[in-house]
Amino acid sequence: MTIQFAISTDETTPFYLRLADAIERAIVDGVLQPGDKLPPQRDIAFDLKVTVGTIGRAYQIARERGLTTGEVGRGTYVRRIESEKRQDMPQPFSKDMPRVESGGREPGEALLDSTAAPNVGQGKVVSATFAAVLAEAGDAALDYVRGVPGGWLEAGARWLATGGWTPDPASVVPTLGVNAAIQGIIAAATHPGDRIVFEELSYAAVARAATMIGRLPLTVGMDEEGMLPEELERCAARQHPRMIFLMPAVNNPTGACMSLKRREQIVSIARRYNLLIIEDNIYGKITPTTIPPIASLAPERTFFVGGLSKSVAAGIRAGWAACPRGQAVRVTVAHNQMTGGRPYLNMEVAARLVLSGEAEAIRAEVMAEIAARSAIFDAAFGVRTGGQAAAVPYRWLPLPAPWTSPAFLLAARNHAIRIDGEDEYQSVRADRQHHCVRIGLSAVKERDTLAGALAVLKGLLDSGSISYVSVA
């Protein structure tokens, strides 16, 4: 079978996403009909001169979008939507319904592709706080937010405090989570066409969202401490970026922690080239660091963001941004325009949890649980993780030859285990391949499930690509 769909030549988007989009367009346009068989992965990889793993990832995305179906040995087919419509229709909610995972996840999969705060029994405290707010706030909890209570600002200042630094509450902006805070900052402090510098491996969702509003991502090299100052300086001199995005406390996905000296070097370059800085501390809250944040070294140009998703509960969707002088109002307006505003209920619950000390107590339990899960990882892989790395709720795992990241991802999926490949953390198309995967430790509910999944991954790692079976 020949290729029946046109693939975009926009090289700013990863090839596997472009291929998945092309398959979707072909189905929508009727070029591919229900029941049509897609080309075997190895054949299309040969024709397009890419790896089989790349094609496998595109096919998997098509499946997750509900476009195709397939089985090992039979091939991949365009899904017959009409015949399946009735069984796919949403049913009335029932407390007895089995849990349905988002993102096309199948029941029974081990979800090692998330780093949300683990379940340590915080649901009782969180639900009781929601109930108390609804009971006490009355109609205000159901209305638009009209003004920001001082308690929200005080809670944000208290939660963001780190390394001997506490922001001025007047500089704090409550936000609908950390990602919303970051996008509000980018929209407020940059203009379409402005360039933003990321580390070679970083939380690429920031770059992808920024691209949607016309900002241009750039990347520079990194080492075990994160962004390399000399590469940042070359980039600043040649590309004239406007902003830097960093995770100095804990880089996602590598776990790198930036020393004080490195932070000072970054600040020096930022001042010479008049660069703004976003400092994402979402993982720093659950690691035992005492290093002063960049925000304390360069308060005039640093936006510092943090929230509750990794340390208390992801579903609260609450975060805060500490802004340079004069920027809080601009960030508030941009955040509200991009998100629709802050829900009173979520922000009041978050503030009460912080100000009452409940959030701090939950954070301590979360950190203890992550430490226990870190020990499970060490036992499974025969390593000894010490210091701050043991507090990080994920591991950046180098793959031995002949494994590649896409192939290992699919091998894990064949065993009902979800992990993240390196493509998830590349803000732009990169020639360099790291051959690594990120394994999340916190989202799997039971420790025994985590241990079993890690044992499977270690077995795959040791057995080599003989364990890899692609869907052809």
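Refer to the structure presented above.
Here is what the cut-offs are and how they apply
- Residues numbered from 1 in each chain as written.
- Predicted model: local features only at pLDDT ≥ 70, side-chain atom pairs only at ≥ 80, totals over all residues.
- Heavy atoms only, no water.
- Helix = DSSP H or I, 4+ residues; strand = E, 2+ residues; numbered from the N terminus.
- Buried < 20%, exposed > 50% of the residue type's maximum accessible area, 1.4 Å probe, protein only.
- Contact = heavy atoms within 4.5 Å.
- Areas by Shrake-Rupley, 256 points an atom, 1.4 Å probe, with all protein chains shown as cover.
- Pairing = 2+ DSSP bridges.
- Axes fitted to C-alpha atoms, helices over the stretch in contact; angles between N-to-C directions.
- Polar contact = N/O pair within 3.5 Å; in protein donor to acceptor, adjacent residues only side chain to side chain.
- Parallel < 35°, antiparallel > 145°, perpendicular 65-115°, else oblique.
- Left-handed = near helix turned anticlockwise from the far one by under 90°.
- 1 Å grid on protein atoms, 1.4 Å probe; cavity = no way out; pocket = protein on both sides within 12 Å on 5 of 7 lines; lining within 4 Å.
- Points joined across faces, edges and corners; volume = space filled by probe spheres on them.
- Nonpolar A, V, L, I, M, F, W, Y, C, P; charged D, E, K, R; others polar.
- Salt bridge = Lys/Arg side-chain N within 4 Å of Asp/Glu carboxyl O.
- Phe/Tyr/Trp six-rings, centres within 6.5 Å; stacked < 30°, edge-to-face > 60°.

## Some remarks on the overall build of the chain
- Of the regular secondary structure elements, the chain holds 16 helices and 16 strands.
- Within the chain, buried positions represent 50% of all 472 residues.
- Restricting the contact set of the chain to residue pairs at least 6 apart, pairs at least 24 apart contribute 74%.
- Taken as a whole, the chain presents about 21400 Å² of accessible surface, with 53% of it coming from carbon and sulfur.

## Comments concerning the sheet that holds strand E5 (residues 195-199)
- Read from one edge of the open sheet, 7 strands run E4-E12-E11-E10-E9-E5-E6, paired in mixed fashion. Pairing within the sheet leaves two strands with one partner each, and these edge strands are strand E4 (172-175) and strand E6 (216-220). Mean inter-strand twist for the sheet, computed between neighbouring axes without regard to direction, equals 20°.
- One ladder, built from 2 bridges, connects E5 with strand E9 (residues 243-246); its direction is parallel. Each bridged residue has a counterpart across the sheet, and for Val197 the counterpart in E9 is Ile244.
- Across the sheet, helix H7 (residues 178-189) is in contact with E4, E5, E9, strand E10 (276-280), strand E11 (302-307) and strand E12 (319-322); its angle to E11 comes to roughly 160°.

## Details of the environment of Leu454
- Among the structural elements, Leu454 can be located in helix H16 (residues 447-463).
- The spatial distance from the C-alpha of Leu454 to the C-alpha of Ile376 is 8.4 Å, given a sequence separation of 78 residues.
- With near-sequence residues (within four places) excluded, Leu454 lies in contact with Leu112, Ile376, Phe377, Ala380, Phe381 and Ile439.

## Description of the side chain of Asp280
- Mapped onto the fold, Asp280 is located in strand E10.
- Engagement of the side chain of Asp280 in a polar contact is seen with the backbone nitrogen of Ile282, the distance being 3.0 Å.
- Excluding its chain neighbours within four sequence positions, the residues that come into contact with Asp280 are Val178, Ile182, Phe245, Leu246, Met247, Pro248 and Val305.

## Focus: the packing of helix H14 (residues 358-381) against H16
- For the pair H14 and H16, the least separation of the axes is 9 Å and the interaxial angle reads 30°. By the angle between their directions, the pair H14 and H16 is classed as roughly parallel. Judged by the twist between their axes, the crossing of H14 over H16 is right-handed. Each of Glu369, Ala372, Arg373, Ile376, Phe377, Ala380 and Phe381 in H14 lies in contact with H16, whose residues at this interface are Arg447, Leu450, Ala451, Leu454, Leu457, Lys458 and Leu461.

## Considerations on the layout of surface pockets
- Taken as a whole, the second largest pocket encloses approximately 850 Å³ of empty space.
- Around the second largest pocket, the lining comprises 31 residues; the ones closest to its centre are Pro14, Phe15, Asp423, Gln426 and Arg429.
- Residue assignment for the lining of the second largest pocket shows that the elements contributing at least two residues are helix H1 (15-28), helix H3 (52-64), helix H8 (204-212) and helix H15 (405-414).
- A breakdown of the residues in the lining of the second largest pocket according to their chemical character gives 11 nonpolar, 12 polar and 8 charged.

## Digging into unusual backbone geometry
- For the bond running from Ala401 to Pro402, omega is 10°, close enough to zero to count as cis.
- Along the chain, Pro402 falls in the loop between strand E13 (394-398) and H15.
- The phi dihedral of Lys49 falls on the positive side, at around 60°, and the residue is not glycine.
- Position of Lys49 relative to the elements: it lies in the loop between helix H2 (41-48) and H3.
- A residue is classified by how much of its surface remains accessible, and Lys49, at 74% relative accessible area, is exposed.
- Although it is not a glycine, His240 adopts a positive phi angle of roughly 55°.

## Examining the pattern of salt bridges
- The full count for this structure, using the stated rule, is 17 salt bridges.
- The salt bridge partner of Arg352 is Glu136, with a shortest N-O separation of 2.9 Å. With Arg352 in helix H13 (residues 344-356) and Glu136 in helix H5 (residues 123-137), the pair connects residues that are 216 residues apart, well separated along the chain.
- A salt bridge links Arg447 to Glu369; the shortest N-O distance between them is 2.7 Å. You can see Arg447 sitting in helix H16 and its partner Glu369 sitting in helix H14, a full 78 residues away along the chain.
- Residue Arg447 is classed as partly exposed on the basis of its relative accessible area of 39%.
- Overall, Glu369 belongs to the buried group, its relative accessible area being 11%.
- A single salt-bridge network, built from bridges that share partners, covers Arg57, Arg208, Asp423 and Glu424.

## Overview of the packing of aromatic side chains
- Inspection of every chain in the model, using the stated rule, returns 7 aromatic pairs.
- Measuring from ring centre to ring centre gives 4.5 Å for Phe377 and Phe381, while their planes differ by 20°; the resulting arrangement is stacked. Of this pair, Phe377 and Phe381 both sit in helix H14, separated by 4 residues, roughly a single helical turn.
- Exposure remark for Phe381: the relative accessible area of 10% places this residue in the buried category.

## Quick look at the sheet that holds strand E16 (residues 436-440)
- Pairing within the open sheet is antiparallel, and its 3 strands lie in the order E13-E16-E15. Every interior strand has two partners, whereas the edge strands, E13 and strand E15 (420-421), have only one.
- One ladder, built from 5 bridges, connects E13 with E16; its direction is antiparallel. Bridged to Trp396 within E16 is Arg438.
- Against the sheet, H15 contacts E15 and E16, and its axis sits at roughly 35° relative to E16.

## Details of the packing of H1 against H3
- Look at H1 against H3: their axes get within 8 Å of each other, and the N-to-C directions meet at 45°. Between H1 and H3, the angle is such that the two are oblique. Considering only the axes of H1 and H3, their crossing is right-handed. Of the residues in H3, those in contact with Phe15, Tyr16, Leu17, Leu19, Ala20 and Ile23 of H1 are Thr54, Ile55, Arg57, Ala58, Tyr59, Ile61 and Ala62.
- Partitioned by chemical class, the residues of the contact of H1 with H3 number 11 nonpolar, 1 polar and 1 charged.

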